[in-house]
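Each chain, letter by letter, is given below.
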Amino acid sequence: MAETAHCSHDRAFLPGTIIANPVIYEAKGEGAVSVLQVSWDGPESKPGQFFMLRMVRSGVVLGRPISVLDHQKGILSFLVAERGIGSRELVQGRPGETIELAGPLGNTWPSMPDSTGASASGPGSAGHKPIALVGGGIGIAPLLFLSKTMDSADFRFFAGFRSRPYGLESLPNQNLTVATEDGSAGYRGRIPDFFNPAEYRAVYACGPVPMLRRIAEDCAKAAVPCFISLEERMACGVGACLGCTVRTKQGNRRCCADGPIFPAEEVLFDD
Ligand SMILES: Cc1cc2nc3c(=O)[nH]c(=O)nc-3n(C[C@H](O)[C@H](O)[C@H](O)COP(=O)(O)OP(=O)(O)OC[C@H]3O[C@@H](n4cnc5c(N)ncnc54)[C@H](O)[C@@H]3O)c2cc1C
Ligand code: FES
């Protein structure tokens, strides 16, 4: 998609200052991953939401959509993976530099009461099925934010990586299952290979499309509610350009304004 300026005026970009941006993962042939922390005076963010981000000194016109990893005491955190020019600039941002942010944007993970009425963000529900949070690679970010708002008895976190895991320090060990494709940590293989949705009252997932598709199919077979966060390419981020269309059983939806979280059963995955 060409980067035209007309999309970016639809939502004001506000300045923030980078406080820290440590690189937490680097591997030959893959981009680096950093935890970008920015001072932010704007509205509170909720788990599942994202911001459009760009450096002030940027060579790109459009912001890049990045999920909120955490938001506490006026500090927004993001887990950023270097893919192309926009994300590389974000990973390379230095403390003291100005960054432009538009957000928070998009919807949030739904609340899933259990049979006692306790919700995903409510008190624990020992004896009742927990919720499974399933993240692939950088897709762990919006689920980590959600996990910080949940009682540890109410969720299990499944994280899949190509190789070495990163970003999982905030999770209690007993809540975490890790898989790596090269077997360098946790189970060897992919999360859907040893994930049984029937053990959970709902499944929330974010990551590569093939993983989401498998999780969605397995949840449908087990009749377990499943919600997936989609990472379509975006331009305006606010529903104006139709550049982020998601095909659903109800027709086309905009990932930025109607999502990024959708009930998995409604999404039509492209073949
Ligand atoms: C709602 C949402 C939340 C996201 N959250 C995060 C996050 O927390 N952390 C993070 O690092 N990234 C996240 N992404 C993905 C991130 O926005 C893209 O990696 C980024 O926009 C790529 O821009 P670029 O200029 O670096 O790369 P480009 O030069 O535009 O592209 C470089 C490569 O990345 C691919 N690419 C571009 N956009 C996407 C995309 N949306 N999904 C998959 N591949 C893409 C291109 O096909 C190309 O191969 C999110 C995307 C969405 C829509
Ligand atoms: S990015 Fe413009 S409508 Fe979604």
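As a reminder, the structure under discussion sits directly above these lines.
The structure presented is a predicted model; accordingly, all values stated were derived computationally and were not measured.

A. Highlighting the nonpolar core. Formed by 32 residues in total, the largest nonpolar core has its most connected members in Val134, Phe195, Val203, Ile215, Ile228 and Leu230. Those elements that place two or more of their residues in this core are strand S4 (50-55), strand S8 (98-105), strand S9 (131-136), strand S13 (202-206), helix H3 (209-222), strand S14 (226-229) and helix H4 (255-258). The element contributing the most residues to this core is H3, with five residues. Here this core spans two domains, and each of domain 1 (5-105) and domain 2 (131-266) adds at least three residues to it. Counting residues in each nonpolar core, the second largest holds 30 residues, with Ile131, Phe155, Val178 and Ala202 among its members.

B. View of unusual backbone geometry. Going from Gly103 to Pro104, the amide bond is cis rather than trans, its omega being 0°. With respect to the secondary-structure elements, Pro104 resides in strand S8. Omega for the bond connecting Gly259 with Pro260 falls within 30 degrees of zero, at 15°, which places this linkage in the cis form. You will see that Ala223, though not glycine, has its phi angle at about 55°, which is positive.

C. Highlighting the site of ligand 1. By nearness alone, 21 residues border ligand 1, and Arg64, Pro65, Ala81, Ser87 and Arg233 come closest of all. Between ligand 1 and Ser87 there is a distance of 2.4 Å, counted from an oxygen atom to a side-chain nitrogen or oxygen. Out of a free accessible area of 880 Å², ligand 1 has 77% covered by protein chains. Secondary-structure elements contributing two or more residues to the shell around ligand 1 are strand S5 (64-67), strand S7 (75-81) and helix H1 (85-91). Of all the elements, S5 adds the most residues to the shell around ligand 1, at four residues.

D. Highlighting the environment of Arg64. Here Arg64 shows up in strand S5. For the pair Arg64 and Ala235, spaced 171 residues apart in sequence, the C-alpha separation works out to 7.9 Å. Within the local environment of Arg64, its side chain forms a polar contact with the backbone oxygen of Leu62, the two atoms lying 3.2 Å apart.

E. Representation of the sheet that holds S13 within the structure. Read from one edge of the open sheet, seven strands run S12-S11-S10-S9-S13-S14-S17, paired in mixed fashion. Looking at the sheet topology across the chains shown, the edges are occupied by strand S12 (187-188) and strand S17 (261-263). Helix-sheet contacts for H3 involve S9, S13 and S14, and the interaxial angle to S13 is about 170°.

F. Inspection of H3 at higher detail. For H3, which comprises 14 residues, the first-to-last C-alpha distance of 20 Å matches the rise-based estimate of 20 Å (1.5 Å per residue) to within 8%. Summarising the contacts, the buried residues of H3 are in contact with S9, S13 and S14. Of the residues flanking the end of H3, it is Ala223, one or two places downstream, whose phi is positive at about 55°.

Rules used in this analysis
- Residues numbered from 1 in each chain as written.
- Chains lettered and ligands numbered in written order.
- Predicted model: local features only at pLDDT ≥ 70, side-chain atom pairs only at ≥ 80, totals over all residues.
- Heavy atoms only, no water.
- Core = buried A, V, L, I, M, F, W, Y, C linked by side-chain atoms within 4.5 Å.
- Buried < 20%, exposed > 50% of the residue type's maximum accessible area, 1.4 Å probe, protein only.
- Helix = DSSP H or I, 4+ residues; strand = E, 2+ residues; numbered from the N terminus.
- Domains from an automatic or database assignment.
- Near = heavy atom within 4 Å.
- Polar contact = N/O pair within 3.5 Å; in protein donor to acceptor, adjacent residues only side chain to side chain.
- Areas by Shrake-Rupley, 256 points an atom, 1.4 Å probe, with all protein chains shown as cover.
- Pairing = 2+ DSSP bridges.
- Contact = heavy atoms within 4.5 Å.
- Axes fitted to C-alpha atoms, helices over the stretch in contact; angles between N-to-C directions.
- Expected span 1.5 Å × (residues − 1).

Geometric values such as these leave the question of function open.
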